[in-house]
Amino acid sequence: MKRLKLIFMGLYAAALSALGQSPASQVLHLDKGWSFSEGGKDKWQEATVPGTVHQDLLRLKLLPDPFFGTNEQQVQWVEDKDWEYRTSFTLTQEQVDHSGALLEFKGLDTYADVYLNGALILKAENMFVGYEVPVKEVLRAGENRLNIYFYSPINKTLPQWDSNGFDYPADNDHHDKHTSVFTRKAPYHYGWDWGIRMVGCGVWRPIELKLFEVADIKDYYVRQLSISRDKAEISNELEVYSIEDTDTQAEVVFTCSLKGQEVMVNKVPVVLTPGKNLVKSDMTILNPSLWMPHGWGEATLYDFKTEVRKAGGQVIDQVSCRSGLRTVRVVNEEDKDGKSFYFEVNGIPLFAKGANYIPSDIILNNVKEEDYRRLFRNVKAANMNMIRIWGGGIYEEDYFYQLADENGILVWQDFMFACTSYPSDPAFLNLVEQEAHYNIRRLRNHASIAMWCGNNEIIEAIKYWGWDKKFSKEVHQGMFTGYNKLFRTLLPNKVKELDPDRFYLHSSPDSANWGRPESWGWGDSHYWGVWYGVQPFEVLDTRLPRFMSEFGFQAFPEMKVISTFAEPKDYALESEVMKAHQKSSTGNSIIRTYMDMYYHVPEKFEDFVYVGLVLQGQGMRHGMEAHRRNRPYCMGTLYWQLNDSWPVVSWSSVDYFGNWKALHYQAQRAFSPLLVNAIEEKGKLNFYLISDELNDRNNLTLESRMVDFSGKVLKKEVRKVNMKANSSTCVWEQDSASAATAQQRTDALLLLTLKDSKGKVLDKQTFYFEKPKALNLPETTVKQKVKYMDGACEVTLTSDKLAKDLFIEIPVQGAQFTDNFFDLLPGESKTIRITSPLLKKTDKTNIRVTHLRQTY
Ligand code: NHV
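Remember, it's a predicted structure, so these values are computed and weren't measured experimentally. (Residues numbered from 1 in each chain as written. Predicted model: local features only at pLDDT ≥ 70, side-chain atom pairs only at ≥ 80, totals over all residues. Heavy atoms only, no water.)

Engineer: Just to check I follow, could you spell out the overall build of the chain for this structure?
Structural biologist: Scanning the chain from N- to C-terminus turns up 17 helices and 45 strands. On C-alpha atoms alone, the chain measures out to a radius of gyration of 29 Å, which is about the 29 Å that the 2.2 N^0.38 rule sets for 856 residues. Counting only C-alpha atoms, the chain reaches 90 × 70 × 60 Å along its principal axes. Taking all 856 residues of the chain together, the buried fraction comes to 62%. As displayed, the chain offers around 32900 Å² of accessible surface, 49% of which is attributable to carbon and sulfur atoms. One finds the centroid of the 101 positive side-chain charges in the chain at a distance of 5 Å from the centroid of its 111 negative side-chain charges. (Helix = DSSP H or I, 4+ residues; strand = E, 2+ residues; numbered from the N terminus. Rg over C-alpha atoms; globule rule 2.2 N^0.38 Å. Buried < 20%, exposed > 50% of the residue type's maximum accessible area, 1.4 Å probe, protein only. Areas by Shrake-Rupley, 256 points an atom, 1.4 Å probe, with all protein chains shown as cover. Lys, Arg positive; Asp, Glu negative; His and termini not counted. Charge placed at Lys NZ, Arg CZ, Asp CG, Glu CD.)

What follows is the structure, given as structure tokens:
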């Protein structure tokens, strides 16, 4: 919901009064003149608001760069201090004469006492809610002082920790006293197995002063009652709060438009009674243009606007929102295999392709709109249609969901609870209720939001993570009781009350558990047998979920990222600095074990980093393809994890600086809307065609060409094939034994090309019969020709022999490559365009090319 902001300008006011109107409301942004001090020290320095205390301390060089070396330790003292923020602002007599004044705090992190002109106006205690405080009585003409006293979230909750009787099992909270569970603050601030610990505080979202007359709009809900291709039935539901003592005659105008053209206008006469008023108005939109997820068509958005007008026409308040018309049904029903889990969008089953999203930065205010735009460009480029906002982070910015709406990316929205049990006393439940109320109302108009989920892995944890042994029977039993209060009662009731058309899942996963085969057919699944269970990637072919909501594998970020936090002397897996950037205690040894299964493990650190990237990409790709191949049994795959919140070794596919790891390129390939996929299963070599398109494709040709690593074509087979819409079909099978000889298995590859009847290539994939370490990869020199330009360069690569998993490296963070981590085929010439505003023609930036055979 966006408020139309009237910026108070003399000229504008004069123009309005000439029309017999006066500006009814105005919004002042209180983002200037801030300073901060350690609590009680009275040593004030300039502050940025919105922002966080870490950001301010860093700007003033009072903290070392927390990402560098082992500096994380040097910044921990911040969490034990209180911090004060203050500013002042000036109001004219005319401004204070408005009969309504609301101070809106869109996000305070977390425990804060707020004083306006010396009066305590708010005690905040939840990072995830916005507060609205009526301040008419406290404001004055001239200077107004606003002071915010933030308490150390650690010290604030230590008494609770002391009296609790047991330490909560929040192992990602990197402190021996797990206080994070008591505080409604982003869990990942306290550390995670990919996260730096920086428990800060601050005004993390804007503060606005709204001055108005008569009434203000508290909420605008565009409820989609029923949507079909013929018509959309909408209910406009408005909550207006009148500050008048008596009834006010008014008119509410609801407008729906599409691309600037009005589609529907409803005018509703109303009598606003003092206090809260609800205004409802139904709308029917004929032949609506439906919102489609990425890959299925346009993500059409309608503009909904509502104005409350006084008799006489003067606008009292107005809000607008953009929303797409669509249906999303989560089909989670018992069937012969257990319990299905899939999304049906506009009546059509959707195979969900995507990843799990964590907050983009440990310092949230570092994330700019351009960063979110880049994130969604990356999501779309990898052919995704869904992301899961995982429960250990934050409820994202409005802008985030706006981009998801515009780009056709469905959002699986967790509530912010992850991997530990939580308190469930009345005070805590009350905080959670406010948080659910605030965020459901804030977000429910977004077409992109596909479902709500109570938490990440908590029911699984209470049942299976050994807490029955770690805690007394009574405590363990209490965890179930508390769980039911929070996730099976409070949150679903809030969703039912405020967003009744959306599906709620109490936890992800709901019942499937990777260690229990009998549970695999039941709902969504987090399969961690790959990685934690050190099982080969091939198990993903058969240990199939109904919907994979998490599976993952780590890799180091590439060397240009490592070099931002480590010096060459630290380039060793077990150096202090590298260990400070590897938060998974078993991570390095797991990577090495897998590398040994599939690759020659290189000696050199730089090569280990490179092969690790290749390993992560290829292994995960194997899983994504298995999941797609096995639709409709399995109907989605969201890998762990999309992004990073600082430079670190992690499961991400895009690193902190926006560089794609090999995994992101592999996701792009594996998620291709039309995919050719070969796999050896039970003595057969099977060829699958997998389509996410909504129309069949007929009269296609599938060519399988066997090429040895020097480029000699050994075999060529061409088949006429059809590709069924929105499905996976095995179109061709061969006996493995006849498909390739023993020597061909190690010395040749299959190049699979799918073409339409006009010869246009629809997809192209390579297939190897053996693991990389069993292949007789040739030594070869890759020749490169580079064309430098401002903002871009083009590299043309050729090689006489196969150069497998070729990686092009340039020392520019966040540069975009049209392709990378690919197999350069013998004799092929491939041109890659690299773009970055930092590239200068005259710099002749160094371009390094590595391929697998060079690492042993
Ligand atoms: O460890 C990687 C990720 C986490 O960052 C994140 O919390 O929800 N991960 C692993 C698991 N879930 C998640 C699976 N957890 C277990 C594995 C093995 C035993 C117990 C738990 C994400």
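Engineer: Can you help me understand the pairing of strand 9 (residues 131-134) in this one?
Structural biologist: Consecutive side chains of a regular strand alternate in pointing toward one face of the sheet and then the other. Here strand 9 shows one buried face, formed by Tyr131 and Val133, and one open face, formed by Glu132 and Pro134. Where strand 6 (residues 100-109) and strand 9 come together, 4 bridges link them in antiparallel fashion. Paired with Glu104 across the two strands is Glu132, which belongs to strand 9. (Pairing = 2+ DSSP bridges.)

Engineer: What is the right way to look at the packing of helix 13 (residues 587-598) against helix 14 (residues 605-629) in this model?
Structural biologist: Packed helices, taken two at a time, are described by the angle their axes make and the gap between the axes. Where helix 13 contacts helix 14, the axes come no closer than 10 Å and their chain directions differ by 75 degrees. Classed by the angle they form, the pair helix 13 and helix 14 counts as roughly perpendicular. Across the interface between the two elements, Ile591, Arg592, Tyr594, Met595 and Tyr598 of helix 13 pack against Phe608, Val611, Gly612 and Leu615 of helix 14. Split into classes, the residues belonging to the contact of helix 13 with helix 14 amount to 7 nonpolar, 1 polar and 1 charged. (Axes fitted to C-alpha atoms, helices over the stretch in contact; angles between N-to-C directions. Parallel < 35°, antiparallel > 145°, perpendicular 65-115°, else oblique. Contact = heavy atoms within 4.5 Å. Nonpolar A, V, L, I, M, F, W, Y, C, P; charged D, E, K, R; others polar.)

Engineer: So what exactly am I meant to see when it comes to helix 6 (residues 398-407) here?
Structural biologist: One turn of the α-helix equals 3.6 residues, which is why residues spaced by three or four share an orientation. Most of helix 6 sits inside the fold, with 7 of its 10 residues counted as buried. Directly beyond the C-terminal end of helix 6, a positive phi value near 70 degrees is found at Gly408.

Engineer: It is not clear to me how the packing of aromatic side chains should be interpreted in this structure. Could you clarify?
Structural biologist: How two aromatic rings sit relative to each other is given by the distance of their centres and the angle of their planes. All told, the structure shown has 58 aromatic pairs when counted by the stated rule. On the basis of an interplanar angle of 65 degrees and a centroid distance of 5.6 Å, the ring pair of Phe400 and Tyr401 is categorised as edge-to-face. Exposure remark for Tyr401: the relative accessible area of 0% places this residue in the buried category. An aromatic cluster of three or more residues is present, and its members are Trp528, Trp531, Tyr532, Phe537, Phe553, Tyr594, Tyr598 and Trp651. Between Lys210 and the ring centre of Phe212, over which it is positioned, the NZ or CZ distance is 5.4 Å. (Phe/Tyr/Trp six-rings, centres within 6.5 Å; stacked < 30°, edge-to-face > 60°. Lys NZ or Arg CZ within 6 Å of the ring centre and 35° of its normal.)

Engineer: So what exactly am I meant to see when it comes to the sheet that holds strand 41 (residues 803-809) here?
Structural biologist: Within a sheet, neighbouring strands are paired by backbone hydrogen bonds and run either parallel or antiparallel to one another. Read across the open sheet, the 3 strands follow the order 43-41-45; overall the sheet is antiparallel. Edge positions in the sheet fall to strand 43 (822-824) and strand 45 (848-850), since each of these pairs with one other strand and no more. Direction aside, the axes of adjacent strands within the sheet are offset by 45 degrees on average. Relative to strand 45, strand 41 runs antiparallel, the two sharing 3 bridges. Across the sheet, residue Ile808 finds its bridge partner in strand 45, namely Val849.

Engineer: Can you walk me through the domain arrangement of the chain in this structure?
Structural biologist: Structurally, the chain comprises domain 1 (25-210), domain 2 (217-323), domain 3 (674-774) and domain 4 (782-854). Distance from the C-alpha centre of domain 3 to the C-alpha centre of domain 4: 27 Å. At the level of elements, strand 34 (697-708), strand 37 (748-755) and strand 38 (761-768) are the ones that each hand at least two residues to the side of domain 3 that touches domain 4. (Domains from an automatic or database assignment.)

Engineer: Could you clarify how one ought to interpret the state of the cysteines in this entry?
Structural biologist: When the sulfur atoms of two cysteines share a covalent bond, that bond is a disulfide. Inspection of the entire model under this criterion finds 0 disulfides. With no disulfide of its own, Cys256 lies closest to Cys321 among cysteine sulfurs, the gap being 9.5 Å. (Disulfide = S-S within 2.5 Å.)

Engineer: In this structure, what is going on with the pattern of salt bridges? I would like to understand it.
Structural biologist: Oppositely charged side chains can form a pair if their charged atoms are brought close together. This structure, assessed with the given rule, holds 61 salt bridges. Lys469 is paired through a salt bridge with Asp468; the nearest N and O atoms lie 3.7 Å apart. In this structure, the salt-bridge partner of Lys830 is Asp819, at a minimum N-O distance of 3.0 Å. Remark: Asp819 occurs in the loop between strand 42 (816-817) and strand 43 and Lys830 occurs in strand 44 (residues 829-835); sequence separation between them is 11 residues. Three or more residues are tied together by salt bridges with common partners; here these are Glu132, Lys210, Asp216, Lys218 and Asp317. (Salt bridge = Lys/Arg side-chain N within 4 Å of Asp/Glu carboxyl O.)

Engineer: Any chance you could explain the environment of Leu777 here in plain terms?
Structural biologist: On the secondary structure map, Leu777 appears in the loop between strand 38 and strand 39 (783-789). Using a relative accessible area of 8% as the deciding quantity, one classes Leu777 as buried. Setting aside residues up to four positions removed in sequence, Leu777 forms contacts with Phe709, Leu802, Lys804, Leu852, Arg853 and Tyr856.

Engineer: I tried to follow the site of the ligand on my own but got confused; where do I start?
Structural biologist: Close to the ligand lie 14 residues; Asp193, Asn456, Glu457, Tyr532 and Glu550 are nearest. Glu550 places a side-chain nitrogen or oxygen 2.8 Å from an oxygen atom of the ligand. The fraction of the free accessible surface of the ligand (490 Å²) that becomes covered by protein chains is 86%. For the shell around the ligand, a count of residues per class yields 10 nonpolar, 1 polar and 3 charged. (Near = heavy atom within 4 Å. Polar contact = N/O pair within 3.5 Å; in protein donor to acceptor, adjacent residues only side chain to side chain.)

Engineer: How do you make sense of the nonpolar core when you look at a structure like this?
Structural biologist: For soluble globular proteins, the rule of thumb is that nonpolar side chains tend to be buried together. Judged by nonpolar contacts, the single largest core of 193 residues is most densely connected at Phe105, Ile148, Tyr639 and Ile834. Considering each element in turn, this core owes the most residues, 10 residues, to helix 14. (Core = buried A, V, L, I, M, F, W, Y, C linked by side-chain atoms within 4.5 Å.)

Engineer: It is not clear to me how the sheet that holds strand 12 (residues 215-227) should be interpreted in this structure. Could you clarify?
Structural biologist: Taken together, 3 strands build an open sheet; the order of strands is 12-13-16 and the sheet is antiparallel. Each of the sheet's edge strands pairs with one partner strand only, and the pair in question is strand 12 and strand 16 (275-286). The average undirected angle you get between the axes of adjacent strands in this sheet is 15 degrees. Direction of pairing for strand 12 relative to strand 13 (residues 231-242): antiparallel, over a ladder of 11 bridges. Across the sheet, Arg223 pairs through a bridge with Ser235, a residue of strand 13.

Engineer: Can you walk me through the side chain of Thr306 in this structure?
Structural biologist: With respect to the secondary-structure elements, Thr306 resides in strand 17 (residues 302-310). Among all residues touching Thr306, those that are not within four sequence positions of it are Ile217, Tyr220, Leu238, Val252, Val253, Phe254, Asp317, Gln318 and Val319.

Engineer: Looking at this model, I keep getting lost on unusual backbone geometry. Mind explaining?
Structural biologist: Excluding glycine, most residues fall at negative phi; most peptide bonds, likewise, are trans. Cis peptide bonds are those with omega within 30 degrees of zero, and the linkage from Asp109 to Thr110 qualifies with -10 degrees. Note on placement: Thr110 falls in the loop between strand 6 and strand 7 (111-116). With an omega of 5 degrees, the peptide bond running from Trp640 to Gln641 counts as cis. As for its placement among the helices and strands, Gln641 is situated in the loop between strand 31 (636-639) and helix 15 (662-670).

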